[in-house]
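Structure at a glance
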Amino acid sequence: MEENINVRTLSVDIGGSGVKVIVLDAKGNPISKRRRLETPKPATPLPILNKIAELASNQDEYERVSVGFPGVVRLGKVETAVNLHPDWIGFDLATALSKNFKRPVRVVNDADMQGLGAITGKGIELVVTLGTGFGSALFVDGTLLPNLEMGHHRFRKGESYEEQLGRTVLEKVGQNKWNKRLKKAIASLNHLFNYDYLYIGGGEAKKVTIELPSNVKIIPNLTGLLGGIKLWES
Ligand code: BGC
């Protein structure tokens, strides 16, 4: 462990509307200012890689890179990217970034990374993220079940959680209706997972106005980046 004492991590959160970066010290504390750029449209791999490079060039020094990607990721390779572009499917993001950065890179699902930054490691902990998409991550005593895709499962009225609670629909139906739906979603997720804790993150979590049960907590959007340190623990 001694040699890792000064290792710094560039943490990257790729989202449907913004790409964000921050540098973390060996303990996971931010040591740079968080920076964000709009996600380019169309959101194909190359322009997003360029945005990451642009953001990274303004950051402090770092020795390794952690990335949260908004889709299913297996061994650094993208399998789904519903809110970006189909060109991502099959793209080896970890290899492409390690070539660009010439540093070790680890890539996981964005909700998984956010969850890693939020959980206590005790009991059943569920994390959902409210942003462009609906992200989800499940942990049992701190162990992650990777790539849980609750967002695309049927929720109500023949629609998925993402179709009922994603950003596009929030803008369409308004905050009140969206909050009522969220209340139903929380109840439905509790029925299914019987979680000890539910954490709600993502860019739209600040629009939550309903009263939350005592085991449900809003987490800051920064958690999506802070989780980056945990990718190196195993
Ligand atoms: C994707 C998930 C992702 C979520 C939040 C969903 O559309 O399928 O993998 O975690 O959006 O970005």
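Residues numbered from 1 in each chain as written. Predicted model: local features only at pLDDT ≥ 70, side-chain atom pairs only at ≥ 80, totals over all residues. Heavy atoms only, no water.

Things to note about the overall build of the chain
A count of helices and strands for the chain gives seven helices and 14 strands. Its C-alpha atoms give the chain a radius of gyration of 17 Å, within 12% of the compact-globule value 17 Å for 234 residues. Judged by the C-alpha coordinates and their principal axes, the chain covers about 50 × 40 × 30 Å. Relative to its 234 residues, the chain shows a buried fraction of 52%. Across the chain, the fraction of contacts at a sequence separation of at least 24, relative to all contacts at a separation of at least 6, is 59%. Carbon and sulfur atoms make up 51% of the accessible area of the chain, which amounts to about 11,500 Å² in all. Once the 31 positive and 25 negative side-chain charges of the chain are each reduced to a mean point, those two points are 6 Å apart. (Helix = DSSP H or I, 4+ residues; strand = E, 2+ residues; numbered from the N terminus. Rg over C-alpha atoms; globule rule 2.2 N^0.38 Å. Buried < 20%, exposed > 50% of the residue type's maximum accessible area, 1.4 Å probe, protein only. Contact = heavy atoms within 4.5 Å. Areas by Shrake-Rupley, 256 points an atom, 1.4 Å probe, with all protein chains shown as cover. Lys, Arg positive; Asp, Glu negative; His and termini not counted. Charge placed at Lys NZ, Arg CZ, Asp CG, Glu CD.)

Some remarks on the nonpolar core
For soluble globular proteins, the rule of thumb is that nonpolar side chains tend to be buried together. Ranked by internal contacts, the top residues of the largest apolar core, which has 29 residues, are Leu10, Val12, Ile14, Val67, Phe69 and Leu93. Every element with two or more residues in this core is listed here: β1 (9–14), β2 (18–24), α1 (45–57), β4 (64–69), α2 (93–101) and β7 (105–109). With near-sequence residues (within four places) excluded, Val67 lies in contact with Val12, Ile14, Leu93, Leu97, Val105, Arg106, Val107, Val108, Met113 and Leu231. (Core = buried A, V, L, I, M, F, W, Y, C linked by side-chain atoms within 4.5 Å.)

A short note on the domain arrangement of the chain
Domain parsing of the chain yields domain 1 (9–113) and domain 2 (119–218). With 10 residues of domain 1 in contact, the opposing surface of domain 2 contributes 14 residues. Summed over both sides, the interface between domain 1 and domain 2 buries roughly 890 Å², with carbon and sulfur atoms accounting for 47% of that surface. The largest per-residue losses of area from domain 1 upon contact with domain 2 belong to Asn83, Ala111 and Asp112, which jointly make up 54% of the total buried on that side. Linking domain 1 to domain 2 there are zero salt bridges. Summed over the shared surface of domain 1 and domain 2, the result is four residue pairs in polar contact (both at pLDDT 80 or more). (Domains from an automatic or database assignment. Buried area = accessible area lost by both parts, 1.4 Å probe. Salt bridge = Lys/Arg side-chain N within 4 Å of Asp/Glu carboxyl O. Polar contact = N/O pair within 3.5 Å; in protein donor to acceptor, adjacent residues only side chain to side chain.)

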